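# A structural walkthrough
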Amino acid sequence: MSALALDLATATGWAVWSAPGEVAYGVWRLPAITHFGIRLDKYRSWLLQAIDQNGVTAVGYELPWIAPHTNQRTAHLLIGMAAHTAQIASERGLICEALNVRQVRKHFIGKNLPRKEAKAATIAQCRAYGFDPQDDNEADAIATLSFFLTKRRVPTGFREIQEAA
């Protein structure tokens, strides 16, 4: 199994586990295009490429969190990205699961904190486990990957999964 975890946003954090001890991660930035359909098409193209290049057989992504202060256009985009992710996984016959961010945080940092504090704690926890995320998008993707694989009892070979199991 090769798993892809996503922290969906205009700066989408991603993490790929391909074999015990093999984790790659980064951020893909959605081009600043105003047309909603074109933005989703760019995301779709990137996601298909990521799946193909990494031989992905399973995808886990954070459910979009639409807070009361969330801009309506942002909410529309996040829900569209989540829908495209689920649709592509279905088309490809991939395992796919939308994951609750509160459960991911509880798994990875041991508790739920306010957003800003949770982001800092997730980065710190990633670094404690030997990862070097450049920002919270990468850190959230790593945390999502950890939770996604732990739920499936996948023997990953990277430290946080073994400690959490």
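Our subject is the structure that appears above.
Structural notes, computed from the coordinates. Everything numeric here is computed off the predicted structure, so don't read it as measured data. (Residues numbered from 1 in each chain as written. Predicted model: local features only at pLDDT ≥ 70, side-chain atom pairs only at ≥ 80, totals over all residues. Heavy atoms only, no water.)

## A word on the nonpolar core
Rules: Here, nonpolar core refers to any group of buried Ala, Val, Leu, Ile, Met, Phe, Trp, Tyr and Cys residues whose side-chain atoms link them within 4.5 Å. Residue exposure (1.4 Å probe, protein chains only): buried if accessible area is under 20% of the type maximum, exposed if over 50%, otherwise partly exposed. Secondary structure counts use DSSP, requiring at least four H or I residues in a row for a helix and at least two E residues in a row for a strand, with both numbered from the N terminus. In what follows, residue pairs with any heavy atoms lying within 4.5 Å of each other are defined as contacts.
Counting 23 residues, the largest nonpolar core has A3, F108, C126, I142, L145, F148 and L149 as its most contacted members. Of all the elements in the fold, those that place two or more residues in this core are β1 (3–7), β2 (11–19), α3 (101–109), α4 (115–128) and α5 (136–151). No other element matches the eight residues that α5 contributes to this core. When residues no more than four places from it in sequence are discounted, the contact partners of A3 are A15, V16, W17, A58, L145, F148 and L149. One finds L40, I51, Y61 and L77 within the second-largest nonpolar core, a separate group that totals 22 residues.

## Considerations on the side chain of H84
Of note, H84 is situated in helix α2 (residues 72–92). The exposure class assigned to H84 is buried, which follows from its relative accessible area of 18%. Ignoring anything within four residues of it in the chain, the contact list for H84 reads L40, Y43 and R44.

## A word on the packing of α4 against α5
The test is simple: Throughout, an axis means a line fitted to C-alpha atoms (over the contacting stretch in the case of helices), and angles, computed between N-to-C directions, take values from 0 to 180 degrees. Angular relationships are summarised with four words: roughly parallel below 35 degrees, roughly antiparallel beyond 145, roughly perpendicular across 65 to 115, and oblique for the angles in between. We call a crossing left-handed when the near helix sits turned anticlockwise from the far one by less than a right angle, and right-handed when that turn is clockwise. All residues other than Ala, Val, Leu, Ile, Met, Phe, Trp, Tyr, Cys, Pro, Asp, Glu, Lys and Arg, Gly among them, are scored as polar; the first ten of these are nonpolar and the last four charged.
Interaxial distance between α4 and α5 falls to 9 Å at its minimum, and their mutual angle equals 70°. On the basis of the axis angle, α4 is roughly perpendicular to α5. Our pair here, α4 against α5, has a crossing hand that is left-handed. Contacts from K119, T122, I123 and C126 of α4 reach α5 at D136, A139, D140, I142 and A143. Here the contact of α4 with α5 is built from residues that sort into five nonpolar, one polar and three charged.

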